[in-house]
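Residues per chain, in single letters:
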Amino acid sequence: FCNFFEKMHGVGFCSPPFQFPPFPKQRFFMLKHSLFSPVFLATKRRKSQYSLLHSGALLPVNTNYAMRSSRIRIISEGGGVCMTEKMSTANTFKTLVSCVILDLDGTLLSTDGIVSEVLKVFLGKHGKQWDGREAHKILGKTPFEAAAVIVEDYGLPCSTIEFISEITPMFSDLWCKIKALPGANRLIKHLNSHGVPMALASNSPRESIEAKISYHKGWKESFAVIIGGDEVRTGKPSPDIFLEVAKRLGIEPSSCLVIEDSLPGVTAGKTAGMEVVAVPSLPKQTHRYTAADEVINSLLDLQLEKWGLPPFEDWVESTLPIDPWYIGGPVIKGFGRGSKVLGIPTANLSTKGYEPVISEHPAGVYFGWAGLSTRGVFKMVMNIGWNPYFNNTEKAIEPWLLHEFNDDFYGEELRLVIVGYIRPEANFPSLESLIEKIHEDGKIAERALDLPLYSNYKDDIYLKGEILNDGARSSNSLNLI
Ligand code: ADP
Ligand code: RBF
Ligand code: MG
């Protein structure tokens, strides 16, 4: 059992300040409590009274913890399973799972861009214009349902079947271009290396799934089960696909964790009785996902230990190393908000020509090195996104150079190499709390950039080199992680 706990949570029991001898002679219980997520370890003292020993995350000290709260429950006793009579009915804690079921389009693959590309061309031929705002209407639907929506909304002079037969070859030609979303390869490799069973459950036909994943090394072999929309009676939001996956894996639905980007997918997972993490693929949609057990911003933010799965071990001092990417150009005027409102100046770059690079990276706080042609190389922390506190309409980059300058440098060439990730973009209850958080981000970046892992990039020739015609050097590396 000790080994089990250690394996599941990647932590040693007795590491200070959690010294708690004598360990081996005790019987252990794994407990879950809504206040101390996710899991902690206890020994039984008397009837219904436990001593907390160690948590995977937050537990402050080894306190005596009586089973006074109705929200505490025993998940596992000595490796077996036992539930207390006081187990809460409130859905405030997360359940331990033993497998992960992944959706494909929009969850592992960045399919949205291809969909827009095809619809732009097709609708253009018919004198219509694809309106990106329609995207949410087709998200997560079966190909037939999605096609029917478009035929109807655009009043196309063809049947849904005719429409499908025209656009299917257009899609097939582009499948080789679909990139893995940031964090997708990292997740697959991690679960693989820990022997956690994985399945793929998509509304796409089985044949399209196979074709799409064939361009991604190691994916097909990673899934114990793959099920397409054409292999069950009804697609998502019906639970059929997920229930069939659970059956074939031989795992109870309640022990399955579904990861989904679309609303129909979330509904399907919940109806199947599974735990569901939503990773919305369209911006500003979080509020629609209330049915999910958790909503995260991107796969980079997935905390597997919350579900009793082995945690990622690649975070270094509150930062996640990413494959570096590059962006640059002359500094332009922004909203004039940075220094005036926040006291934190951010040197804005034009997003023109960089839209694909920017859309590829999830909204969030990143850091790296900034080169200014005549001034040198400086540490930098930045935000990518819509600044929820100010609710911008365009996704933008806001780099704050961690250095005091005596004057402005508008018009100067700024080059950035982005090497790590800190956190998702968030909203804040007050301006003060936003400012405080940005300063905290600055400190994290400042410290991390001294680690050899990140400091080596300070000498990257891109930061000091000649001005290239197109500014950006390489953009697609994040999805390698
Ligand atoms: P804007 O909205 O025009 O970007 P800001 O108030 O955000 O205005 O200020 C950004 C400008 O301040 C930059 O373009 C740059 O010229 C200057 N600046 C001075 N110090 C810094 C710094 N440490 N980081 C970023 N920009 C700085
Ligand atoms: N704005 C937000 O609304 N939410 C954030 O989480 C957020 N994080 C930031 C982190 C850093 C390191 C920086 C430099 C800025 C961040 N901002 C955030 C953006 C801030 O709102 C922006 O710089 C101003 O709006 C200036 O235009
Ligand atoms: Mg600015």
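About the thresholds
- Residue indices begin from 1 for each chain and proceed along its sequence in written order.
- For naming, the first written chain is A and the first written ligand is 1, with later ones following in the order written.
- Reporting of local features is limited, given that this is a predicted model, to residues whose pLDDT is at least 70; pairs of side-chain atoms are given and counted only at 80 or more, and all residues count toward the totals for whole chains, interfaces and linings.
- Note that the side-chain values use all heavy atoms of the structure and ignore hydrogens as well as water.
- UniProt positions are given in the numbering used here, feature names are shortened, and annotations may be inferred rather than shown by experiment.
- Any carboxyl oxygen of Asp or Glu that lies within 4 Å of a side-chain nitrogen of Lys or Arg is treated as forming a salt bridge with it.
- Buried residues are those whose accessible area, probed at 1.4 Å on protein chains only, stays under 20% of the maximum for their type, while exposed residues exceed 50% and partly exposed ones sit between those limits.
- The axes used here are C-alpha line fits, helices contributing only the stretch in contact, and every angle between their N-to-C directions lies in the interval 0 to 180 degrees.
- Only DSSP runs of H or I covering at least 4 residues are called helices, and only runs of E covering at least 2 are called strands; the numbering of each starts at the N terminus.
- These descriptions rest on fixed angle ranges, namely under 35 degrees for roughly parallel, over 145 for roughly antiparallel, 65 to 115 for roughly perpendicular, and the rest for oblique.
- The contact criterion used throughout is that any non-hydrogen atoms of two residues lie within 4.5 Å.
- Think of it as the arc spanned by the lines of direction from the helix axis to the C-beta atoms.
- What makes a residue near a molecule or strand is one non-hydrogen atom of that residue sitting within 4 Å of it.
- Throughout this description, a polar contact denotes any pair of N or O atoms lying within 3.5 Å of each other; where both atoms belong to protein, one of them has to be capable of donating a hydrogen while the other can accept it, and for residues adjacent in sequence the pair is counted only when both atoms sit in side chains.
- Areas reported here follow the Shrake-Rupley algorithm with a probe of radius 1.4 Å; residue values treat only the protein chains shown as occluding.
- Put simply, Ala, Val, Leu, Ile, Met, Phe, Trp, Tyr, Cys and Pro go in the nonpolar bin, Asp, Glu, Lys and Arg in the charged bin, and everything else, Gly too, in the polar bin.
- We call a pair of cysteine sulfur atoms a disulfide when they lie within 2.5 Å.
- Any two strands with at least two DSSP-identified bridges between them are counted as paired.

Where an unreviewed UniProt entry is consulted, the chain appears under the name riboflavin kinase, with the organism given as Quillaja saponaria. In its Pathway (unreviewed entry) section, the UniProt entry covering the chain states "Cofactor biosynthesis; FMN biosynthesis; FMN from riboflavin (ATP route): step 1/1."

> How do you make sense of the pattern of salt bridges when you look at a structure like this?
For side chains bearing opposite charge, pairing can occur when the charged atoms are close. Evaluated as defined, the whole model comprises 22 salt bridges. A salt bridge links Arg-415 to Glu-413; the shortest N-O distance between them is 2.8 Å. The same class applies to Arg-415 as to Glu-413, namely buried. The network of salt bridges with shared partners includes Arg-206, Glu-210, Lys-220 and Glu-231.

> I would appreciate a short explanation of the packing of helix H4 (residues 143-153) against helix H5 (residues 160-174) in the present structure.
Between two packed helices, the angle of one axis relative to the other and the distance separating the axes together describe the packing. The N-to-C vectors of H4 and H5 enclose an angle of 110 degrees; their axes lie 9 Å apart at closest approach. Overall, the two elements H4 and H5 adopt an arrangement that is roughly perpendicular. Contact residues: H4 offers Pro-143, Phe-144, Ala-147, Ala-148, Ile-150 and Val-151, while H5 offers Thr-160, Ile-161, Phe-163 and Ile-164.

> Please explain H4 as it appears in this structure.
Note on helix geometry: an α-helix contains 3.6 residues per turn, so any two residues three or four positions apart are oriented the same way. Those residues of H4 that sit buried are Ala-146, Ala-147, Ile-150 and Val-151. In a view along the axis of H4, the buried residues occupy a sector of 135 degrees, so they form one face of it. Check the buried side of H4 and you find it contacts helix H2 (112-125), helix H3 (135-138) and H5. The positive-phi residue at the C-terminal boundary of H4 is Gly-155, with phi of around 55 degrees.

> Just checking my understanding: could you explain the site of ligand 2 for this structure?
Around ligand 2 sit 20 residues, and of these Arg-337, Asn-387, Tyr-389, Arg-423 and Ala-426 come closest. Within the side chain of Asn-383, a nitrogen or oxygen atom sits 3.4 Å from a nitrogen atom of ligand 2. Within the side chain of Asn-387, one N or O atom sits 3.0 Å away from an oxygen atom of ligand 2. Expressed as a share of its isolated accessible area of 540 Å², the protein-covered part of ligand 2 is 99%. Among the secondary structure elements, those contributing two or more residues to the shell around ligand 2 are helix H11 (338-342), strand S15 (376-385), strand S16 (396-401) and helix H13 (431-448). The dominant element in the shell around ligand 2, judged by the number of residues it contributes, is H13, at three residues. Considered class by class, the residues forming the shell around ligand 2 number eleven nonpolar, four polar and five charged.

> So what exactly am I meant to see when it comes to the state of the cysteines here?
Covalently bonding the sulfur atom of one cysteine to the sulfur atom of another cysteine gives a disulfide. Evaluation of the coordinates by the stated rule reveals zero disulfides. The thiol of Cys-99 is unpaired, and the distance to the nearest cysteine sulfur, on Cys-256, comes to 3.5 Å.

> I keep staring at the site of ligand 1 and nothing clicks. Help me out?
As a matter of local geometry, ligand 1 sits amid 20 residues, with Gly-334, Gly-336, Ser-339, Asn-348 and Phe-409 nearest to it. Here an oxygen atom of ligand 1 sits 2.6 Å away from a polar atom, N or O, in the side chain of Asn-348. Phe-409 is positioned with one of its backbone polar atoms (N or O) 2.7 Å from an oxygen atom of ligand 1. Listing elements by their share of the shell around ligand 1, those giving two or more residues are H11 and S16. With three residues, the single largest contributor to the shell around ligand 1 is S16. Tallied by class, the residues present in the shell around ligand 1 amount to ten nonpolar, seven polar and three charged.

> What should I look at first to understand the sheet that holds strand S11 (residues 294-295) in this one?
Within a sheet, adjacent strands bond to each other through the backbone by hydrogen bonds, running parallel or antiparallel. The strand order across the open sheet formed by six strands is S8-S7-S6-S9-S10-S11, and the pairing between neighbours is parallel. In this open sheet, the two edge strands, each paired with only one partner strand, are strand S8 (225-227) and S11. Pairing geometry for strand S6 (residues 99-102) and strand S9 (residues 256-260), over four bridges, is parallel. Paired with Cys-99 across the two strands is Cys-256, which belongs to S9. The strands touched by helix H7 (residues 206-213) are strand S7 (198-201) and S8; relative to S8, the strand with the most contacts, the crossing angle is about 125 degrees.

> When you look at unusual backbone geometry in this model, what are you seeing that I'm missing?
Most peptide bonds take the trans form, and the phi angle of most residues other than glycine is negative. Cis rather than trans, the peptide bond between Lys-236 and Pro-237 has omega equal to 15 degrees. Relative to the helices and strands, Pro-237 resides in the loop between S8 and helix H9 (240-249). Even without glycine at this site, Ser-318 takes up a positive phi of about 65 degrees. Tracing the backbone through its elements, the reader meets Ser-318 in the loop between S11 and strand S12 (320-332). For Ser-318, a relative accessible area of 46% translates into the label partly exposed. Its identity as a non-glycine residue notwithstanding, Asn-391 has a phi of 50 degrees, on the positive side. On the basis of relative accessibility, which here comes to 51%, the residue Asn-391 falls in the exposed class.

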